Amino acid sequence: MSTASKQALTLAGNRKRWLTDRIAQIGVTAGGILVLVMLLLIFFYLLYVVKPIFDSARVEPGHEFSLQLNAGDDVGKTLLLGVEEQNELVYRFSDSGDVSFYSLPEQGKRIYDFKLDEPVSISARSLSQNMVAYGIAGGAIKVLAPTFNVSYPENTRVIQPEVAFPFGQAPLVVDKQQRTLAQLSIAAKENDLAVAAITESGAGVLTRFSAKQNLMTGELTLSSTQVQLSGLPTDVEQLLLTPNLRFLFARSANEVWVYDVRNINKVVLRNVLTMNAPGANITSLSLLSGGHSLLVANDNGIISQWFEVARAGKREFTFIRDFATDGAVANITSEVNRKGFVTTSSSGNLDIFHTTGGVRLFSAPLAKGEVSALAISPRNSLLLLQNKDKISTFYVENEHPEVTMKALWTKVWYEGYSEPQYVWQSTSGSSDFESKLSLIPISFGTLKAAFYALLFAIPIAIAGAVYTAYFMSPGLRKVIKPTVEIMEALPTVILGFLAGLWLAPLIESHLPGMVLLLVLLPMSMLLMAFGWQLLPAYLRNRVPEGWQAILLLPLVVLVGWLSFALSPWLETWLFNGNARGFLTNELGIGFDQRNSLVVGIAMGFAVIPTIFSIAEDAVFSVPRHLSHGSLALGATTWQTLTRVVMLTASPGIFSAVMMGLGRAVGETMIVLMATGNTPVMDLSIFSGMRTLAANIAVEMPEAEVNSSHYRVLFLAAFLLFVFTFLFNTVAEFVRQRLRDKYSSM
C-alpha cells in the first residue's frame with residue numbers, strides 16, 4: 001500500500017472517529033439537558049399544585065338588592081340571615097316573626113313570605129343549625145327553620161323555599177309557670193332541643209325536648225324535662241347553649257358562668273371565668289363551628305378564643321389565642337364546618353380569620369356604614385351583609401384557610417389538646433373533625449428513619465468495602481463484590497414484607513438476644529482476630545492471603561444462633577420473663593413492634609449495596625504506587641490504609657454515604673411496612689415513625705383532588721425533592737473539596 005493510500009485511510013479513520021465522538025458528545029449533552037429539563041418540570045409542577053394553599057383570601061362584590069318592604073314598614077332587627085347551599089335563595093328572619101326569601105338570579109326578587117301569627121316577646125337563633133325560636137305568650141316558643149325543596153321539571157333545577165316547624169307547630173312550653181320570656185337561647189342535636197331562658201322575673205329555666213316521629217303517620221311526639229336554673233347572676237346579658245347540648249354560658253358583664261347541662265336533672269356550675277381582654281369589656285359571645293370553642297368579642301376589637309382543656313385532673317375553659325380587628329366588633333359569624341370566622345366592625349370593615357392558622361386572611365372596608373347583619377353560605381363561598389334595607393353579596397375565594405406557614409411548621413393548639421403540639425392527623429370518622437397538617441412529625445420521621453438506617457449500614461458497608469478493595473484476594477473479590485451489589489436488585493417491597501411480618505415479631509420475642517447479638521458479634525470478631533495473631537505462623541500460612549474473612553462466617557452464624565438461643569433464658573433471668581414489660585413499666589420506654597430498630601436493620605440492608613459499591617470502587621481506585629510507596633517508606637499496612645488510602649478515597653466514600661442517605665430519605669415500601677406509620681416525634685429506637693414518602697404513598701390515593709390535604713401532600717413531595725436535592729448538592733460540594741485537597745497525593 002502506498003504512503004498516500006495509508007494517509008487517506010488514516011484521515012478516513014480519523015474523520016469516522018471524530019464523527020462518532022461528536023455524535024456521542026451531542027447525545028450525552030442532550031441527555032443531560034433533558035434530565036435537567038425534566039427535573040425542572042417536576043419542580044415547577046409541584047410548585048404549581050402547592051401554590052394555591054398560600055394564596056390570600058379574595059372577596060369580590062356580587063349582587064346588591066333591597067328588602068322590598070312596603071312603605072312605612074319597619075326594617076326591624078334581622079335575627080337570621082342566610083343563603084341556601086346553591087347560593088340562589090337568600091332568607092331573612094326578623095325578630096318580629098317575618099320571614100322573606102329572595103332570589104339572587106332574579107336580582108333579589110322577593111319570592112316567598114311568611115308571618116308568624118303570634119306576637120313575639122323575645123327571639124333567638126341556633127348557632128349550629130338554621131333555626132329560630134320565637135318567644136310567645138304563656139312562656140312558650142315556636143321554632144322555625146328555612147327548608148328548600150329541589151325538583152327538576154324539564155331538566156331545570158327549581159328550588160322552592162318553605163318555612164318548616166322542625167319540632168311541630170304547637171307551642172313548646174318552656175316555662176310551666178307561663179311567665180313571659182326575656183332571655184332565650186336554643187340548641188338542637190338530632191331530635192333533641194334544649195332551651196335556656198330567663199323570665200321577666202329573673203328566674204332561669206332550662207327545658208329539654210325530645211322528639212319522636214311516627215314512621216307510619218309522620219306525627220311528631222314531644223316529651224320535655226324542665227328544671228329551674230339556680231345561682232344565675234342577677235344581670236344576665238347573654239345566654240348561649242352549645243350545639244352538643246353540653247354547656248350553657250351565661251354572661252354577666254365581663255364574667256361568664258359555665259354550666260354543665262349534659263344531665264338536665266343535675267345541672268352543675270363548672271366555672272365562673274373573667275374572659276374580657278385587658279382594658280376592654282365583653283360585647284358578645286359566639287361559638288366556632290362544632291361548638292367546642294367560645295369566641296369572646298371585646299369593645300376594643302379583640303376577639304379571644306377559649307376552649308376546654310384538661311390540666312391537673314380538671315377540665316376548664318382556657319384562653320388559647322386572640323385576634324385583633326380594626327374596630328369594635330359589630331357582627332361575628334363562624335364559617336360552616338371550618339374553624340374560621342368573619343367579623344364586621346362598627347365602621348363597616350370586614351375581616352376573615354382562621355383560628356387554627358392564627359391569621360387574619362382578609363381585611364377591607366366593604367360596607368358603607370354599620371352592618372346590621374352578617375352571614376356566610378354553607379360552602380363558605382358567599383357573604384351577605386345587610387346595611388339598613390339593603391343586602392350586599394360578596395363572593396369569597398378562600399379554599400385553604402387552615403394551611404399557613406405557622407400551622408405547617410410551628411406548634412398549634414388544637415381543640416381538645418392540653419397544649420400546643422406538632423400533629424399530623426389528616427382524616428377522621430367525625431364530621432366536625434379538624435385536619436391537623438403539621439409537616440414537622442413526618443419530616444422528623446424521615447430523618448429518624450434515615451439516621452437509624454445509616455447507623456446500621458455505614459459501618460458494615462464501608463468496612464466491607466475497605467476490606468474487599470484493600471485486603472481481599474482478587475479471586476474472592478470477584479465473587480463478593482457482585483454478590484453484594486446484586487442485593488440492590490432485591491425489591492424493597494420484599495424487604496419491607498420480611499421486616500414487617502418476620503423480623504419485627506422475631507425482635508419482639510427475642511429482644512434480649514437481639515441486644516446480646518449487637519454486643520457479642522463485634523467482640524467475638526475482635527477476639528478471633530486477636531487469637532488469629534497468636535496462632536503459629538505455619539497454621540496462619542495455611543490460609544491463602546486475602547481469604548481470612550471466610551473464617552469469620554462460622555463465627556457469625558454461631559454467635560447469631562447462640563444469642564437467640566440464650567434470649568429466653570436471659571429474659572427470664574434478667575427481666576422476670578417480660579423484657580417488653582420491663583422497658584415500659586420500669587424504664588418508661590414505650591415499645592412498638594414495628595420500630596426504628598426494625599427499620600434500621602431492614603432499610604440499612606437495602607442501603608448497604610449502594611454505599612458498599614461506590615466506596616469499594618473509590619478505595620480500589622487509589623493508585624497502587626501510593627500504597628506501595630508508603631509501605632516502602634516503612635509504614636505499616638494499617639498506617640498506609642488510614643493515612644494514605646482512606647484519605648485519597650475519601651471523596652468517593654463521602655459520596656457513597658450521601659448516596660445512601662438520599663436513598664434512605666426517599667425509601668417508601670420498607671418504612672411503609674415496617675414502621676407502623678405513626679407520626680410521632682420520639683427519638684426512641686423502640687418507637688415507630690411516619691416518613692414523608694410513606695405518608696404520600698398512604699394518603700395520596702384517598703385525598704380529595706385539589707383539597708387542602710391533597711395540596712399539602714404535594715408540598716410533602718416538594719419537601720422530599722428539596723431534601724434529596726440538598727443532600728446531593730452538599731455531597732457534591734464536599735466531594736469536590738476533598739478531591740481538590742487530596743488530588744495532589
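What you are looking at is a predicted structure, and each value in this text was computed from that prediction instead of being measured.

With that out of the way, let us pick up the overall build of the protein. For the protein, the count of helices and strands is 15 helices and 31 strands. Taken over C-alpha atoms, the radius of gyration comes to 37 Å for the protein, far larger than the 27 Å a tight globule of 745 residues would show. Summarising its shape, the C-alpha atoms of the protein cover approximately 120 × 85 × 60 Å along the three principal directions. Split into buried and exposed, the 745 residues of the protein put 46% on the buried side. On the protein, roughly 37300 Å² of surface is accessible, and the fraction owed to carbon and sulfur atoms is 59%. Positive and negative side-chain charges in the protein, numbering 56 and 58 respectively, have mean positions lying 13 Å apart.

Pairing geometry for strand β25 (residues 349-354) and strand β26 (residues 359-365), over 6 bridges, is antiparallel. When the bridges of β26 are listed, phenylalanine 353 appears paired with arginine 360. Linking β25 to β26, which pair antiparallel, is a turn of 4 residues; within it glycine 358 sits at a positive phi near 65°.

It is at 7 Å that the axes of helix α6 (residues 511-534) and helix α8 (residues 552-575) come closest, and there the two elements cross at 140°. The angle between α6 and α8 places the two elements in the oblique class. Of the two elements, α6 crosses α8, and the hand of that crossing is right-handed. Two secondary-structure elements touch here, α6 through Leu511, Pro512, Gly513, Met514, Leu516, Leu517, Leu520, Leu521, Ser524, Met525 and Met528 and α8 through Leu552, Leu555, Val556, Val559, Gly560, Ser563, Phe564, Leu566, Ser567, Leu570, Glu571 and Phe575. Split by residue class, the contact of α6 with α8 holds 17 nonpolar, 5 polar and 1 charged.

The 4 strands lie next to each other as β19-β20-β21-β22, forming an open sheet whose pairing is antiparallel. Strands with a single pairing partner mark the edges of an open sheet, and in this sheet they are β19 (282-287) and β22 (314-324). Averaged over all pairs of adjacent strands, the angle between strand axes in this sheet comes to 25°, irrespective of strand direction. Of the strand pairs in this sheet, strand β21 (residues 302-311) and β22 are connected by 10 bridges, and their pairing is antiparallel. Bridge pairing links glutamine 305 to arginine 321 in β22.

This part takes up empty space enclosed by the protein. Applying the stated criterion to the full structure yields 4 cavities of 30 Å³ or more. Its boundaries defined by the atoms lining it, the largest cavity holds a volume of some 50 Å³. Lining the largest cavity are Thr356, Glu402, Val403, Ala407, Leu408, Tyr414, Ser435, Lys436 and Leu437. Those elements giving two or more residues to the lining of the largest cavity turn out to be α2 (405-409) and β31 (436-437). Its residues assigned to classes, the lining of the largest cavity shows 5 nonpolar, 2 polar and 2 charged.

So, about the UniProt feature "transmembrane region" (unreviewed entry) in the protein. Here, UniProt's "transmembrane region" (unreviewed entry) annotation points to residues 23-48, 449-472, 484-507, 513-535, 547-570, 597-620, 641-661 and 710-731. Within residues 23-48, the helical portion is 100% and the strand portion 0%, while the C-alpha atoms at the span's ends are 36 Å from each other.

Strand pairing in a sheet is mediated by backbone hydrogen bonds. Such pairs are either parallel or antiparallel. Read from one edge of the open sheet, 4 strands run β11-β12-β13-β14, paired in antiparallel fashion. Of all the strands in the sheet, the pair left with one neighbour each is β11 (181-189) and β14 (220-229). Taken over all neighbouring pairs, the strand axes of this sheet differ in orientation by 20° on average, direction set aside. Strand direction decides the pairing type here: β11 and strand β12 (residues 192-199), joined by 8 bridges, are antiparallel.

Scanning all chains against the criterion turns up 28 aromatic pairs. Consider the rings of phenylalanine 591 and phenylalanine 686, whose centres lie 5.5 Å apart with planes at 40°: the pair is tilted. One end of the pair, phenylalanine 591, is in the loop between α9 (579-586) and α10 (596-620); the other, phenylalanine 686, is in the loop between α13 (669-674) and α14 (692-699), with 95 residues separating them in the sequence. Comparing phenylalanine 591 with phenylalanine 686, the two get one shared label, buried.

Structurally, phenylalanine 444 is set in helix α3 (residues 440-471). Accessibility expressed as a relative area gives 23% for phenylalanine 444, which makes it partly exposed. Along the chain, phenylalanine 444 and histidine 709 lie 265 residues apart, while their C-alpha atoms are 19 Å from each other. The contact partners of phenylalanine 444, leaving out residues within four places of it in the chain, are Val680, Met681, Asp682 and Leu683.

A word on the pairing of strand β16 (residues 247-252). A regular strand places its side chains so that they alternate between the two faces of the sheet. Among the 6 residues of β16, 6 are classified as buried, and the element is accordingly described as predominantly covered. Side chains Phe247, Phe249 and Arg251 project from β16 onto one buried face, and the interleaved Leu248, Ala250 and Ser252 project onto a second face that is buried too. Here 4 bridges tie strand β15 (residues 238-241) to β16, and the two strands are oriented antiparallel to one another. Counterpart to leucine 240 in the pairing with β16 is phenylalanine 249. The hairpin formed by β15 and β16 contains 5 residues between the paired strands, and leucine 245 there has a positive phi angle of roughly 55°. One ladder, built from 6 bridges, connects β16 with strand β17 (residues 255-260); its direction is antiparallel. Bridge assignment links phenylalanine 247 to a residue of β17, and that residue is aspartate 260. In sequence, β16 turns back onto β17 through a hairpin of 2 residues, with alanine 253 there showing a positive phi of about 55°.

A cluster of nonpolar side chains, Leu558, Trp561, Leu562, Leu566, Trp569, Trp573 and Leu574, forms an exposed patch at the surface whose accessible area comes to about 800 Å². Counting through the fold element by element, leucine 574 comes out in helix α8. For leucine 574, a relative accessible area of 46% gives the class partly exposed.

One finds Leu439, Ile507, Met603, Ile611, Val619 and Val712 to be the most contacted residues of the largest nonpolar core, which totals 80 residues. For this core, the leading source of residues is α10, giving 14 residues. The contacts of isoleucine 611, once residues within four sequence positions are left out, are Leu454, Ala457, Ile458, Ala461, Ile462, Ala656, Val657 and Gly660. Residues Met131, Ile141, Val143 and Leu193 belong to the second largest nonpolar core, which totals 19 residues.

This part covers the side chain of serine 94. Inspection of the secondary structure puts serine 94 in strand β3 (residues 89-94). Take serine 94: its relative accessible area is 1%, and that puts it in the buried class. For serine 94, the side chain forms a polar contact with the side chain of serine 96, separated by 3.0 Å. In this structure serine 94 touches Lys77, Thr78, Leu79 and Tyr134, once residues within four positions along its chain are discounted.

Another point: the pattern of salt bridges. Under the definition given, this model contains 26 salt bridges. Between arginine 251 and glutamate 237 there is a salt bridge; the shortest N-O distance is 3.3 Å. Of this pair, arginine 251 sits in strand β16 while glutamate 237 is found in the loop between β14 and β15, placing the two residues 14 residues apart along the sequence. Where lysine 481 meets aspartate 617, a salt bridge forms, and the shortest distance between an N and an O atom there is 3.1 Å. Separated by 136 residues along the polypeptide, lysine 481 in helix α4 (residues 474-486) and aspartate 617 in helix α10 bring together distant segments of the chain. Classification of aspartate 617 by relative accessible area gives partly exposed; the value is 33%.

Thresholds applied
Residues numbered from 1 in each chain as written. Predicted model: local features only at pLDDT ≥ 70, side-chain atom pairs only at ≥ 80, totals over all residues. Heavy atoms only, no water. Helix = DSSP H or I, 4+ residues; strand = E, 2+ residues; numbered from the N terminus. Rg over C-alpha atoms; globule rule 2.2 N^0.38 Å. Buried < 20%, exposed > 50% of the residue type's maximum accessible area, 1.4 Å probe, protein only. Areas by Shrake-Rupley, 256 points an atom, 1.4 Å probe, with all protein chains shown as cover. Lys, Arg positive; Asp, Glu negative; His and termini not counted. Charge placed at Lys NZ, Arg CZ, Asp CG, Glu CD. Pairing = 2+ DSSP bridges. Axes fitted to C-alpha atoms, helices over the stretch in contact; angles between N-to-C directions. Parallel < 35°, antiparallel > 145°, perpendicular 65-115°, else oblique. Left-handed = near helix turned anticlockwise from the far one by under 90°. Contact = heavy atoms within 4.5 Å. Nonpolar A, V, L, I, M, F, W, Y, C, P; charged D, E, K, R; others polar. 1 Å grid on protein atoms, 1.4 Å probe; cavity = no way out; pocket = protein on both sides within 12 Å on 5 of 7 lines; lining within 4 Å. Points joined across faces, edges and corners; volume = space filled by probe spheres on them. UniProt positions renumbered as here; feature names shortened; annotations may be inferred. Phe/Tyr/Trp six-rings, centres within 6.5 Å; stacked < 30°, edge-to-face > 60°. Patch = residues over 30% accessible without salt bridge, like charges linked within 9 Å, V, L, I, M, F, W, Y side chains within 5 Å. Salt bridge = Lys/Arg side-chain N within 4 Å of Asp/Glu carboxyl O. Core = buried A, V, L, I, M, F, W, Y, C linked by side-chain atoms within 4.5 Å. Polar contact = N/O pair within 3.5 Å; in protein donor to acceptor, adjacent residues only side chain to side chain.

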